Each structure stands twice: as structure tokens, then as C-alpha cells.
Amino acid sequence: MRRTGSSFSFVGTHILIGVENGLIQAANQVMEESQVQVPVDTGTLKSSASVEEPVHTADAISVTLGYAIGDKASLVNPKSGKTVDQYATEVHELTDVFHAEPTKAKFLEDPANEFETALGPVLQEAINGSQFAKATGFVADA
Amino acid sequence: MPSLGLEWEICTYLNSQAVASFGTNLFATQLPDQPDTGVAVITRGGLRPVMTMTGGGQPESKFDRPNIQIRGRAEASSFADGNDLMQAVFGALQGVVETTLRSGGPLFHLIYALQSPQYLGRDEKERHQWSQNLNVWWENPQR
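Residues numbered from 1 in each chain as written. Chains lettered and ligands numbered in written order. Predicted model: local features only at pLDDT ≥ 70, side-chain atom pairs only at ≥ 80, totals over all residues.

Trainee: When you look at the overall build of chain B in this model, what are you seeing that I'm missing?
Mentor: Scanning chain B from N- to C-terminus turns up two helices and seven strands. Taken over the C-alpha trace, chain B has a radius of gyration of 16 Å; the compact-globule value for 143 residues is 15 Å, and the two agree within 12%. Referenced to the eigenvectors of the C-alpha coordinate spread, the extents of chain B come out at roughly 60 × 25 × 25 Å. In chain B, buried positions account for 33% of the 143 residues. Taking contacts inside chain B between residues at least 6 apart in sequence as the whole, the part at least 24 apart equals 54%. (Helix = DSSP H or I, 4+ residues; strand = E, 2+ residues; numbered from the N terminus. Rg over C-alpha atoms; globule rule 2.2 N^0.38 Å. Buried ≥ 20, exposed ≤ 12 C-beta atoms within 10 Å, placed from the backbone. Contact = placed C-beta atoms within 7 Å.)

Trainee: Explain the overall build of chain A to me, please; I cannot follow it from the model alone.
Mentor: The helix and strand inventory of chain A stands at six helices and four strands. Burial analysis of chain A (142 residues in total) assigns 24% to the buried set. Within chain A, contacts between residues separated by at least 24 positions form 55% of all contacts whose residues are at least 6 apart in sequence.

Trainee: Explain unusual backbone geometry here, please?
Mentor: A negative phi holds for most residues other than glycine; trans holds for most peptide bonds. The peptide bond linking E101 of chain A to P102 of chain A adopts the cis configuration, its omega dihedral lying at 5°. If you trace the backbone, P102 of chain A turns up in the loop between α3 (88–93) and α4 (109–114). Between Q34 of chain B and P35 of chain B the backbone carries a cis peptide bond, its omega angle lying at 5°. Phi at A68 of chain A takes a positive value of approximately 60°, unusual for a residue other than glycine. Relative to the helices and strands, A68 of chain A is located in the loop between β4 (65–67) and α3. For A68 of chain A, a count of 22 C-beta atoms within 10 Å puts it in the buried group. In this model, K106 of chain A sits at a positive phi of 55°, which is unusual for a non-glycine residue. Mapped onto the elements, K106 of chain A comes out in the loop between α3 and α4. Classification of K106 of chain A by C-beta neighbours within 10 Å gives buried; the count is 21.

Trainee: Looking at this model, I keep getting lost on helix α1 (residues 6–16) of chain B. Mind explaining?
Mentor: Since there are 3.6 residues in each turn of an α-helix, residues three or four apart along the chain are aligned in direction. For α1 of chain B, every residue scored as buried is listed here: L6, E9, I10, C11, Y13 and L14 of chain B. Residues of α1 of chain B that are buried make contact with β1 (26–28), β2 (38–53), β3 (59–74), α2 (79–93) and β7 (128–138) of chain B.

Trainee: Teacher, can you tell me more about the interface of chain A and chain B here?
Mentor: With 12 residues of chain A at the contact, the number on the chain B side is 12 residues. When contributions to the side of chain A that touches chain B are tallied by element, the ones reaching two or more residues are α3, α4 and α5 (116–128) of chain A. Grouping the constituent residues of the side of chain A that touches chain B by class yields one nonpolar, four polar and seven charged. (Nonpolar A, V, L, I, M, F, W, Y, C, P; charged D, E, K, R; others polar.)

Trainee: Hey, could you run me through the pairing of β3 of chain B in this one?
Mentor: Side-chain positions along a regular strand alternate between the two faces of the sheet. All names here are of chain B. Here β2 pairs with β3 via 12 bridges, running antiparallel. Within β3, the position partnered with T43 by the bridge is I68. Relative to β7, β3 is paired through nine bridges, and the arrangement is antiparallel. Across the sheet, residue D64 finds its bridge partner in β7, namely W138. (Pairing = 2+ DSSP bridges.)

Trainee: When you look at the pairing of strand β6 (residues 118–122) of chain B in this model, what are you seeing that I'm missing?
Mentor: Residues and elements named next belong to chain B. Of the pairings in the sheet, the one linking β6 to β7 comprises four bridges and is antiparallel in character. Paired with R122 across the bridge in β7 is H128. The hairpin turn running from β6 into β7, its antiparallel successor, is five residues long, and E126 in that turn takes a positive phi close to 65°.

Trainee: Please clarify how the environment of H56 of chain A should be interpreted in this entry.
Mentor: Here H56 of chain A is to be found in strand β2 (residues 55–56). Through-space distance from the C-alpha of H56 of chain A to that of E20 of chain A is 9.2 Å; in sequence the pair is 36 residues apart.

Below is the structure:
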């Protein structure tokens, strides 16, 4: 039983690594599209984008992505003198402000919502593409 | 079943809950420049509809999951009024589960806030601005 338990733990660890890799890939894909949509004046907001390192808790793995997070919150817009965290939310939420296409308000929320359908397959591929899966033939279904 | 559209359904509900007065300080689809203090309900993107198979080989759109944005504004000297209004809208909509919002209206499975009301700062007339986003799961009668 000990060996069986150990094997399950081994499999679980590799699945978690796959999930972590999948979340990072997903976050980067969402951010890639968001970078197309984010409005640009001085470029300060666009340059404040980040995909954070995965965070593990007892029952979850999360990857945070966004603008004006952490150290990048203090980037200063050279035109207004404001730090980016003072206006990032406003640019995101004011949907009646004109922006030249393809930039727009909701430049993070919309790409994230549109990615919902692709998240499962990305995670599945990341798990199945792990070194463990290749070595053992382990397959995760979507 | 008659359809008023999502924004109208939500506004009608908020009006019935005495949160705000539809057409006076509560608006659908856009927040007009006047009055200074008011809120608007605006449909904005969201998640894909949930599909089911009917058994006849045809998929059926079971329910829609759009986002709604609540845009709020208050005159320069009335931050508290605007903040109270946004919190009242939040309180009325957050956690609506398996109910109709009016007699004979469509079924709402769930409404949940994506975040608490966010203060956006002042507009060009120094008025305070807020935004909040909610995801709505509802049986769109137009499907």
C-alpha cells in the first residue's frame, strides 16, 4: 500500500506541474491578446503589464495577470504625471471613451472571457505534454 | 414570454426594489450626461452561452452568461450619495439565484459580482465615477 500511495503522490505532483505550466501558458496567451487591445498614448499602461509567478495554496494554484501590479504600479505616465495604478482601472472601465482600433476599453476582461473555451484544452495539453506523461503514457482527458 | 432585454430587466428590478428610479437616476444602455448623480446598466461581453444537446442532434443554447457593467456617477460634492447608490445596486443584484426579477419575467439562474464597486476618479466636470461588473446567467427568451 505504501508503494501504491507513493505512486499516486508521484502522479499528483506531475499533474500539478502540468496544471501550473498550463496556467502560465493560458495567462500569457490572454496577455498577448490584451497587449493588442490596450490603449496606447505614452505606452506607460501597456508597459505595466505582467504575468506573475504561480502561487500555490493548500487547495489551489493561481496565476495573476494584469496591469499596474506590484512594482509596475508605480510607473509614471510622462504626460499626466500620474502613476499607472491611478488610471489603469479608469481606462479599462470607461467604455464610452474613444480609442483607435484595435485598442479599446475592457482590454483585459474581454480577452480573458474569450479564452474561457480554450482553457480546458490548454491545461490538458500541458499535463499530457509533461515529461512524466511522455515517459509513462499518462493521458488526461479534457 | 415578452422580452424587455437584459438591461431593462435589471433596471425594472432595481426600480421595484427602490434602489433607484428608472428614467430619473437609473438608466439602461448608457449613462446620460444629466443628471449628475445616477447609475446605468450596460451589457458588456461576458462568457459563452451554455449549450445542451436536445437528443435530436441539435444543440440548444440553454442560458446566456453576459456581463453587465454598472456605471455610476455623482456630483462633485456628493461622493457619499454616489457611493451609497453603487453599494445599493451591488446589494440588490449580488447573489440573485433561481428567480424571476418581475412577475412573468425570464428566469435568472445567478447573478454574481466580479468585484466590488470600483471608484474611477473624477470626470472632466469633477464628478465622481464608479464602475462595477457582474456576470448574469439568465434564460434569454429570445433564444
